[in-house]
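What follows is each chain in one-letter form.
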Amino acid sequence: MTSPLTPASTPAIILALPPHGEASLITRLSADAGFRVIRGAAVQSTPERPDVVIIDSRVPCFDGLAAVGAVRITEPGIGIVAITGPQPTDSDSVCELLEAGADDVLIAPVVHDEAIARLRALLRRLAPPVPNPSHPAYITLDTARRAAEIHDARILLTRTEFELMGILTENAGRVVSRPHLLRTVWGYPGEARTNVLNMCVSSLRRKLASSGIPPLIHTVRGIGFTLHA
């Protein structure tokens, strides 16, 4: 499978199903957004495996819901974006398409810039994680027991402490911004409830210190936090 990268590097392959669906968007994706667009009747009939399939459920005599389900079952690693009308029927409603396996649903009339941004966001989610060479070998996170094993110490954590420790460990040596941590761990937008983050970091630091662990979590003023020995 072609690595799902943004069009700035290796162009992602977008398959349009059915071939005559949403012509204006398909043209824009190919001409202006830098994607490689192919048209076909099925994933299996294409010369190259696509990164994302766009399925237009509005096309007459075409069962978009069934097509979404078929692609999801046969090609679970491929991204699926469905298009439905402003007044969808029960068989092509947003909920039905998502339940069938679509990763995202666009409602016509499709705003091209938004569609392109959604495709790029989906490709980022599909991309394999980039290994972090700075990941500390002495830190192991036990998801089942929600514990951190650091050197010879085993530290039990709360859910939020464990998630916070996981993000900082995955990004060891990098600065993780406050907004990213608030959004990822608590679901808060922007800088909202930054005091909750501060309290969680303080609690995590105390637990590490009480187990004899030297300071690992460092504040980068005005930006966020980083983990390093």
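For the structure itself, consult the block above.
Heads up: these notes are all about the structure in this document. It should be emphasised that the depicted structure is a prediction, and the values quoted were computed from it without experimental measurement.

## Quick word on helix 4 (residues 112–126)
With 15 residues, helix 4 ought to run about 21 Å at 1.5 Å a step, and its terminal C-alpha atoms sit 21 Å apart, in line with that. Turning to helix 4, its buried residues number three or more, namely Ala115, Ile116, Leu119, Leu122 and Leu123. The arc enclosing the buried residues of helix 4, seen along the axis, measures out at 125°, which places them on a common side. Across from the buried face of helix 4, at angles greater than 90 degrees, the exposed residues are Asp113, Arg124 and Arg125. Looking at the buried positions of helix 4, the neighbouring elements they touch are strand 1 (13–17), helix 1 (23–31), strand 3 (52–56), strand 4 (79–84) and strand 5 (104–107).

## Details of the pairing of strand 3
The element strand 3 is extensively covered by neighbouring structure, given that five of its five residues are classed as buried. Across the two faces of strand 3 the burial is the same, with Val52, Ile54 and Asp56 and Val53 and Ile55 all buried. Pairing of strand 1 with strand 3 involves four bridges; the strand directions are parallel. Residue pairing for strand 3: Leu17 is matched across the bridge by Ile55. Where strand 3 lies against strand 4, five bridges are found, and the strand directions are parallel. Each residue of the ladder has a partner; that of Val52, found in strand 4, is Gly79. For the crossover from strand 3 across helix 2 (residues 64–74) to strand 4, the handedness is right-handed.

## Thoughts on the sheet that holds strand 1
Taken together, the five strands give an open sheet; going across it, the order is 2-1-3-4-5, and neighbouring strands pair in parallel fashion. Strand pairing shows two members of the sheet lacking a second neighbour, strand 2 (36–39) and strand 5, which therefore form its edges. For this sheet the average axis-to-axis angle between neighbouring strands, irrespective of direction, equals 25°. Where helix 1 meets the sheet, its contacts fall on strand 1, strand 2, strand 3, strand 4 and strand 5, and the angle it forms with strand 2 comes to roughly 145°.

## Comments concerning unusual backbone geometry
Here Leu17 and Pro18 are connected by a cis peptide whose omega angle stands at -10°. Along the chain, the position of Pro18 falls in the loop between strand 1 and helix 1. The omega torsion of the bond from Ala108 to Pro109 falls at 0°, within 30 degrees of zero and hence cis. One non-glycine residue, Arg146, lies in the positive phi region at around 50°.

## Remarks on the sheet that holds strand 10 (residues 217–220)
In space, the three strands of this open sheet follow the order 9-11-10, with antiparallel pairing throughout. Of all strands in the sheet, those bounded by a partner on one side alone are strand 9 (175–177) and strand 10. With direction set aside, neighbouring strand axes in the sheet form an average angle of 35°. Strand contacts of helix 6 (residues 178–186): strand 9 and strand 11 (224–227), with the helix running at about 65° to strand 9, the strand carrying the most contacts.

## Regarding the packing of helix 6 against helix 7 (residues 194–210)
Taken N-terminus to C-terminus, the directions of helix 6 and helix 7 make an angle of 85°; their axes are 10 Å apart at the nearest point. Here helix 6 lies roughly perpendicular to helix 7, going by the angle between them. Here helix 6 contributes Arg178, Leu181, Leu182 and Trp186 to the contact with helix 7, which in turn contributes Thr194, Val196, Leu197, Asn198 and Cys200. Looking at side-chain class alone, the contact of helix 6 with helix 7 contains six nonpolar, two polar and one charged residues.

## Some points on helix 1
Where helix 1 is concerned, the buried positions are Leu25, Ile26 and Leu29. Axial view of helix 1: buried residues confined to an arc of 100°, hence all on one face. Summarising the contacts, the buried residues of helix 1 are in contact with strand 1, strand 2, strand 3, strand 4, strand 5 and helix 4.

The rules behind the values
Residues numbered from 1 in each chain as written. Predicted model: local features only at pLDDT ≥ 70, side-chain atom pairs only at ≥ 80, totals over all residues. Heavy atoms only, no water. Helix = DSSP H or I, 4+ residues; strand = E, 2+ residues; numbered from the N terminus. Expected span 1.5 Å × (residues − 1). Buried < 20%, exposed > 50% of the residue type's maximum accessible area, 1.4 Å probe, protein only. Arc of directions from axis to C-beta. Contact = heavy atoms within 4.5 Å. Pairing = 2+ DSSP bridges. Right-handed = clockwise from strand over helix to strand, strands pointing away. Axes fitted to C-alpha atoms, helices over the stretch in contact; angles between N-to-C directions. Parallel < 35°, antiparallel > 145°, perpendicular 65-115°, else oblique. Nonpolar A, V, L, I, M, F, W, Y, C, P; charged D, E, K, R; others polar.

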